[in-house]
Amino acid sequence: MIPSTLEYTKASSIDEAIAAVQAGARPLAGGQSLMPMMRLRLAAPGAVVDLGGIAELVGVCEDGDEIAVGAMTTHRAVAADPLIGEHCRVVAQAASGVGSLVIRGRGTIGGSLAHADPHGDLPAAILAVGGAVIARGPGGERRIEIGDLITSYLTTSLADDEIITQVRLPKGNGRSAYAKFHRRAIDWSIVGVGVAIGADGVRAAATGVADRPVRLAGFEAAINGGASAEEAARAAGEGIDPTADLDGSTEYKRHLAGVLAAQAHQAAQG
Amino acid sequence: MGQTITVTVNGTAHTADVEPRTLLVHFLREQLTLTGTHIGCDTSTCGCCTVHLDGEPVLSCSVLAVQADGCAVRTVEGLSEGGELHPIQQAFHENHGLQCGFCTPGMMMTALGVIEQNPQASDDEIREALEGNLCRCTGYQNIVAAVRSAADQMARS
């Protein structure tokens, strides 16, 4: 299908992009979520502003005790980045499994977060390490923790005239891993779990079990309290109530969350 | 309201007026009549429409033609040179890497991307890299064999 009529501009700076967004344009990052939605007419923006020409939105660097990742950095670049691999391996692993080779070459970390798909892998991986985003609007910049960014299905707390410029990943999460289950290689995760073993204990976050990525409090409490991974896996379903659908029942998804959390925890130790 | 773009496709610069909503795949097929690039789905699932945009394999159904302004596009028609089959085409031919051929243009363009990104790709890596390209005929064995053979051939030459 063909998207509905739209105006297209390509921004060469963040300010230019924000001006376009203020005027009503929808930001177009890698286009791997928005373009399919536009083709199916699930989204019909009257104007889009392409962020692909803004050099300062691309790249990864160290900034104090965090890694700063430009919002337009592709999944492929995130997956291969040595800094992210060293300090936040779970994020690199999640990026390496998004979609297919062609999608990873174009899809971006900022786009994934702004799209906020309830089965997205990156939001859960970034929640597991306690990451955040920097959003910029006409009034300036603000920091939004990932737990406060995604508020429901495909919904974020970004204002209409804000764009994500950077993703902030705290160092010290090298011992971390991502595990997911899906039926075909290119499918969205039915459930995916990121686990990070940090200085203040184990954090686990899941995708596919709620309308947003959520911490697996039951698993975390059990494993941090000295339980075995097997026992903690059984506790992973506490406090989550995944919606039953064609992919499986609520109970099945709770079970998956536990199995995947234990797998990721095991892998995180290596 | 149209926008004027210039896209270099398989080495030839084309300047054209396009509606901003035109997908790259429609521009290639309908305005340039390069129908080698196929459309197999509406959900970014099949990989049939894979082309190279500035050397990167992309789904041409997920890129607007206006986004390709100033860029170089390579389609399946741009694989062979001087009447000689590209090593990937030759390998698909020799290994019977296709039956109906519908997925083949996308399969070959992804294969080229895999080989360029990872010339030493193992069979497992080749399989994983082709995960976004659906084939409903071959069962993939011969496709993987073809990409393996092409990678080896290209490494030698």
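Refer to the structure above for everything that follows.
1. Section: the pattern of salt bridges
All names here are of chain A. Under the definition given, this model contains 22 salt bridges over all chains. Close ionic contact of arginine 143 with glutamate 145 constitutes a salt bridge, the shortest N to O distance being 2.8 Å. Of the residues examined, arginine 143 reaches a relative accessible area of 40% and is grouped as partly exposed. Overall, the relative accessible area of 32% leaves glutamate 145 in the partly exposed class. Between arginine 254 and glutamate 251 there is a salt bridge, and its shortest N-O distance comes to 2.6 Å. Highlighted residues: arginine 254 and glutamate 251, both in helix 12 (residues 250–269), separated by three residues, approximately one helical turn. Look at the salt bridges and you will find they share partners, linking Asp63, Glu66, Arg143, Glu145 and Arg168 into a network.

2. Quick word on the sheet that holds strand 4 (residues 56–59) of chain B
Residues and elements named next belong to chain B. The five strands lie next to each other as 2-1-5-3-4, forming an open sheet whose pairing is mixed. One side of each edge strand has no neighbouring strand; the edge strands of this open sheet are strand 2 (12–18) and strand 4. Pairs of neighbouring strands in the sheet enclose a mean axial angle of 40 degrees, with direction left out of account. Lying over the sheet, helix 1 (residues 24–31) contacts strand 1 (3–9), strand 2, strand 3 (50–53) and strand 5 (72–74), oriented at roughly 105 degrees with respect to strand 2. Relative to strand 3, helix 3 (residues 104–117) is tilted by about 45 degrees, and along the sheet it contacts strand 3, strand 4 and strand 5.

Definitions and limits used
- Residues numbered from 1 in each chain as written.
- Chains lettered and ligands numbered in written order.
- Predicted model: local features only at pLDDT ≥ 70, side-chain atom pairs only at ≥ 80, totals over all residues.
- Heavy atoms only, no water.
- Salt bridge = Lys/Arg side-chain N within 4 Å of Asp/Glu carboxyl O.
- Buried < 20%, exposed > 50% of the residue type's maximum accessible area, 1.4 Å probe, protein only.
- Helix = DSSP H or I, 4+ residues; strand = E, 2+ residues; numbered from the N terminus.
- Pairing = 2+ DSSP bridges.
- Axes fitted to C-alpha atoms, helices over the stretch in contact; angles between N-to-C directions.
- Contact = heavy atoms within 4.5 Å.

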